[in-house]
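Below are the chains, spelled out letter by letter.
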Amino acid sequence: MIGVVGGTGNTGRTVVAALQAKGADFRCLVRDPAAAAEKLGSDVELVQADVADAATIEAGLAGCDKLFLLTGHSPVMEAQQIDAIEAAKRAGVSHVVKLSGGDAIVQEVTDAKIGHAHWKVEEMLKTSGVEWTILRPAFFMQNFLNMADMVKGMGKVMMPMAADTPISMIDVRDTGDVAAAVLTGDGHNGKTYFLGSAVSTPSDFTAALSSELGSDVAFVEVPMEGAVGAMKERGMPDWLVDHQSTLMGIVGAGKAAGTTDYIEQIAGHPARTLAGFAKDNAGAFKA
Ligand SMILES: NC(=O)c1ccc[n+]([C@@H]2O[C@H](COP(=O)([O-])OP(=O)(O)OC[C@H]3O[C@@H](n4cnc5c(N)ncnc54)[C@H](OP(=O)(O)O)[C@@H]3O)[C@@H](O)[C@H]2O)c1
């Protein structure tokens, strides 16, 4: 039995779909089972649990031998994930698959606080005594969905980086396929997989989206101060504004352009393309 924490999020929903496609036995540990059932469907086994309360994670993992662990951005992610790994161990879980950050930010010394927190959790997991696999996805193509209102309202995508910035981008559905293969297969203990795909640029995205929508979507580089101001206006907490701007600075400097072929190796199919992402998600960008 596989326990999944984070199954209702962007990546987690794809992990759930890929585990369902494989007919795997799994259960999702969720904060709000009613809301989770709306997102995941009534045929997914759900148990109420919160990484802020390790006892609920330990109880929710009863009978599980594997855990997929993802909890999203949070200033308390490091402590909560470490608590969750310890709870998993107490529950008898023998293998933890942790969704981490990309290679560009997961480092011992980095300005990216979330990247450093992921690094600390990774290091704890490696010495925890359980088997482990770390998935480090590249920049999510799905990040562009956060800009859907910009496209609908103004016909443009604005980011604090150059239009031709090289970025390794990944469709989260590929992360789901890789995670499901790791959770149901053998040979992944002690491995860290950076899930990078073909290098694309922000203007490759607007070109692909323009072609899908049949109308021109412009890419506009904005100063970092403007991006920070817009995030604050949207009510983002300071720690998240700080994280996003640090991350955009690292990506904008071209430091997130690494590629690997782990998706094809592990999931058994080529990585999804930016053109495919634009095609499958065009509806979200239509006014
Ligand atoms: N965006 C990128 O380009 C990128 C690239 C590489 C790596 N990453 C990493 O990917 C992660 C974010 O992935 P995502 O976008 O899929 O996340 P997400 O959509 O924000 O989902 C977060 C999930 O964690 C669950 N969760 C949050 N707090 C919890 C708690 N206290 N107890 C139990 N569950 C909890 C949420 O459940 P609820 O339904 O209850 O909210 C949700 O299912 C981050 O760690 C980030 O560093 C991001």
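Residues numbered from 1 in each chain as written. Predicted model: local features only at pLDDT ≥ 70, side-chain atom pairs only at ≥ 80, totals over all residues. Heavy atoms only, no water.

Helix and strand counts for the protein come out as 12 helices and 12 strands. Computed over the C-alpha atoms, the radius of gyration of the protein is 19 Å, within 12% of the 19 Å expected from 2.2 N^0.38 for a compact globule of 287 residues. With respect to the three principal axes, the spread of C-alpha positions in the protein is 55 × 40 × 35 Å. Here the protein holds 287 residues, and the buried ones make up 51% of them. Long-range contacts, defined here as pairs at least 24 residues apart, represent 77% of the contacts in the protein between residues at least 6 apart. Accessible surface for the protein amounts to roughly 12400 Å². Of this, 49% is attributable to carbon and sulfur atoms. Charged side chains of the protein number 23 positive and 35 negative; the gap between the two group centres comes to 1 Å. (Helix = DSSP H or I, 4+ residues; strand = E, 2+ residues; numbered from the N terminus. Rg over C-alpha atoms; globule rule 2.2 N^0.38 Å. Buried < 20%, exposed > 50% of the residue type's maximum accessible area, 1.4 Å probe, protein only. Contact = heavy atoms within 4.5 Å. Areas by Shrake-Rupley, 256 points an atom, 1.4 Å probe, with all protein chains shown as cover. Lys, Arg positive; Asp, Glu negative; His and termini not counted. Charge placed at Lys NZ, Arg CZ, Asp CG, Glu CD.)

Another aspect to go through is the site of the ligand. Around the ligand, the surrounding shell holds 25 residues, and the nearest of these are Thr-8, Asn-10, Thr-11, Arg-31 and Asn-143. In this structure, an oxygen atom belonging to the ligand sits 2.8 Å away from a side-chain N or O atom of Asn-10. Where the shell around the ligand is concerned, the elements lending two or more residues are helix H1 (10-22) and strand E7 (139-140). When grouped by side-chain class, the residues that make up the shell around the ligand number 7 nonpolar, 15 polar and 3 charged. (Near = heavy atom within 4 Å. Polar contact = N/O pair within 3.5 Å; in protein donor to acceptor, adjacent residues only side chain to side chain. Nonpolar A, V, L, I, M, F, W, Y, C, P; charged D, E, K, R; others polar.)

On to the packing of aromatic side chains. Counted according to the given criterion, the structure contains 5 aromatic pairs. The interplanar angle of 10° and the centroid separation of 3.9 Å between the aromatic rings of Phe-144 and Phe-205 together place this pair among those described as stacked. Taken together, the residues span a long stretch of sequence, with Phe-144 in the loop between E7 and helix H6 (148-154) and Phe-205 in helix H8 (residues 202-213) at a distance of 61 residues. Exposure class is identical for Phe-144 and Phe-205. Each is buried. Each member of the aromatic cluster is reached from another via a ring pair, and the members are Phe-139, Phe-144, Phe-205, Phe-277 and Phe-285. (Phe/Tyr/Trp six-rings, centres within 6.5 Å; stacked < 30°, edge-to-face > 60°.)

Along the chain, Lys-255 turns up in the loop between helix H10 (238-252) and helix H11 (262-267). For the pair Lys-255 and Gln-244, spaced 11 residues apart in the sequence, the C-alpha separation amounts to 15 Å.

So, about the sheet that holds E7. Taken in spatial order, the 3 strands make up an open sheet running E7-E9-E11, and their pairing is mixed. On the outer flanks of this sheet lie E7 and strand E11 (199-200), each paired with one strand and no other. In this sheet, strand E9 (residues 167-170) lies alongside E7 in parallel orientation, the contact comprising 2 bridges. Counterpart to Phe-139 in the pairing with E9 is Met-169. (Pairing = 2+ DSSP bridges.)

A few words on the side chain of Gln-80. Within the fold, Gln-80 resides in helix H4 (residues 77-91). Not counting chain neighbours up to four residues away, the residues in contact with Gln-80 comprise Val-51 and Ala-52.

Once that is clear, we can look at helix H7 (residues 172-184). For H7, with 13 residues, the first-to-last C-alpha span of 18 Å sits near the 18 Å given by 1.5 Å per residue. Within H7, 11 of the 13 residues are buried, leaving the element largely enclosed by the surrounding structure. (Expected span 1.5 Å × (residues − 1).)

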